[in-house]
Amino acid sequence: MEIIPVKTGRAYEVTVGHGCADAFYDQLAVRHQGKRAAIVTDETVGGLYGESVRRALEGRGIPCCKFAFPGGEPHKRMETALAICEFLHREGITRSDFLVALGGGIPGDVTGFCAAVYLRGVEYVQIPTTLLAQIDSSVGGKTAVNIDGGKNLVGCFWQPSAVLCDTAFFDTLPEETFADGVGEAIKYGAIRDAQLFEQMRGDFRRNLLPIVSRCIAIKAAVVEADERDTGERMVLNFGHTLGHAIEKHSGFAVTHGKAVAIGMQMMADACAQNGLCAPEVPAAIRDCLERNGLAWRYDAPLEELLAIAAGDKKRAGMSISPVLIRAIGRCEPVSMEWGAFAQFMAAGGSRA
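Every chain begins its residue count from 1, and numbering advances along the sequence as written. Only residues with pLDDT of at least 70 get local features here, since the model is predicted, and only at 80 or more are side-chain atom pairs given and counted; chain-wide, interface and lining totals rely on the full set of residues. Water and hydrogen atoms were dropped before computing side-chain values, which therefore reflect all heavy atoms in the structure.

## Examining the packing of helix H3 (residues 78-90) against helix H4 (residues 105-117)
Now for step 1: Put simply, H3 and H4 touch, their axes get as near as 10 Å, and they point 55° apart. Judged on the interaxial angle alone, H4 and H3 are oblique. Here H3 and H4 pass one another in a crossing that is right-handed. Where H3 abuts H4, its residues Met78, Thr80, Ala81, Ile84 and Cys85 lie against Val110, Phe113, Cys114 and Val117.
Now for step 2: In the scheme used here, Gly and all other residues not listed as nonpolar or charged are polar, with Ala, Val, Leu, Ile, Met, Phe, Trp, Tyr, Cys and Pro taken as nonpolar and Asp, Glu, Lys and Arg as charged. Split into classes, the residues belonging to the contact of H3 with H4 amount to eight nonpolar, one polar and no charged. Between N-to-C directions, angles span 0 to 180 degrees; the directions come from axes that are lines fitted to C-alpha atoms, helices contributing only their stretch in contact. Runs of H or I in DSSP of at least four residues are treated as helices and runs of E of at least two as strands, each being numbered from the N terminus. These descriptions rest on fixed angle ranges, namely under 35 degrees for roughly parallel, over 145 for roughly antiparallel, 65 to 115 for roughly perpendicular, and the rest for oblique. A clockwise turn of the near helix away from the far one marks a right-handed crossing, whereas an anticlockwise turn of less than a right angle marks a left-handed crossing. Contacts are assigned to residue pairs with any non-hydrogen atoms lying within 4.5 Å of each other.

And the structure:
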């Protein structure tokens, strides 16, 4: 078991390991005696783990209530957040209590958003059950819901008080869902750690626990340097500008990690064609994606994806902040006028 500190404005720890949940619950009970917990999850994860988490907490003296909503992006909406807040009020959850976000990125984001706005802020704990949520969305305090205009356009920063990343949860994870996390993990190697990237060109599952720990450590370091996403933290968006557009264009048939993987390939191709990185860089990304069974193309006209990306939250006026890759392990966010960005991507010659 490894403890990774996250030294943000409100510091907390991420517990990482295989079969480390009981130790985490023990520590949680010490810190939360006399409090109640509201477990928020989706129906799938709730069916798998909802009752076992409830029993674990109640057996340690923390009374619990539980709310489960239908899974999937269509339910990552303000209507779901409102229903959760109404539930919390009916159950008598107060500022001295806390929420537990149990599940993948969607329950994590929605629960965090509710924790930030219910009673103007209550504590919450992240228990991510997917690879994608463990290495990415559970750490860093970004919370949000979707609106018709795009993903995560309504949200706020609200750091959790503790995070459990137990890879034993992956025992029930469908291969397709696991692959989403692999796409996001490759991103961490591409932006900050060439050695990690090379490790993922080998046997990903054999190296699973060190990969998870290293990705979380990278995320923690970037978030500590830029908690509010105004500078360095933007590097975590490598592949996301076009990735989010691919998600929406596909009607979310292409899920987040897979869309980010394609977005990374598109950006690497464009950077190589514009002379910002060597041709070996996009070739290496493509090889890594293929070795892990991830697609690197999406059949849609670039102009359609750019039209969707024009509504991305990373835009500021007529500018956008894409993340460019210079070498494996070295990426940087830049500010570009929208027209220049469109020309930059078109020069890449790749369709998503």
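Anyway, onward from the coordinates.
## Notes on the packing of aromatic side chains
Now for step 1: Ring geometry is summarised as follows: Phe, Tyr and Trp rings, the Trp one being its six-membered ring, pair when their centres sit within 6.5 Å, and such pairs are stacked at plane angles under 30 degrees, edge-to-face over 60 and tilted between the two. Taken as a whole and assessed by the stated rule, the structure comprises six aromatic pairs.
Now for step 2: Ring geometry for tyrosine 49 versus phenylalanine 169: centroids 4.8 Å apart, planes at 85°, classification edge-to-face. Of this pair, tyrosine 49 sits in helix H2 (residues 43-58) while phenylalanine 169 sits in the loop between strand S9 (162-166) and helix H6 (175-192), placing them 120 residues apart in sequence.
Now for step 3: Between buried and exposed lies partly exposed: a residue is buried under 20% and exposed over 50% of the maximum accessible area for its type, with that area taken using a 1.4 Å probe on protein chains only. Classification of phenylalanine 169 by relative accessible area gives buried; the value is 7%.
Now for step 4: Seen in terms of ring centroids, tryptophan 338 and phenylalanine 341 are 5.5 Å apart; in terms of plane orientation they differ by 45°. Their pairing is tilted. With tryptophan 338 and phenylalanine 341 both in helix H13 (residues 338-347), this residue pair falls three residues apart, about one helical turn.
Now for step 5: Relative accessible area serves as the criterion here: at 0%, phenylalanine 341 is assigned to the buried category.
Now for step 6: Each member of the aromatic cluster is reached from another via a ring pair, and the members are Phe170, Phe178 and Phe204.
Now for step 7: Whether a charge sits over a ring depends on NZ of Lys or CZ of Arg being within 6 Å of the ring centre and within 35 degrees of the ring normal. Positioned over the ring face of tryptophan 158 is arginine 10, at 4.6 Å from the centre of the ring.
Now for step 8: One cation-aromatic arrangement involves arginine 205 over phenylalanine 178; the distance from NZ or CZ to the ring centre is 3.7 Å.

## Details of the pairing of strand S11 (residues 323-327)
Now for step 1: Taken together, the four bridges between S11 and strand S12 (residues 330-333) define a ladder with antiparallel strand orientation. Bridging from a neighbouring strand, leucine 324 pairs with glutamate 332 of S12.
Now for step 2: Joining the antiparallel neighbours S11 and S12 is a turn of two residues, in which glycine 329 adopts a positive phi near 95°. Whether two strands pair comes down to DSSP finding at least two bridges between them.

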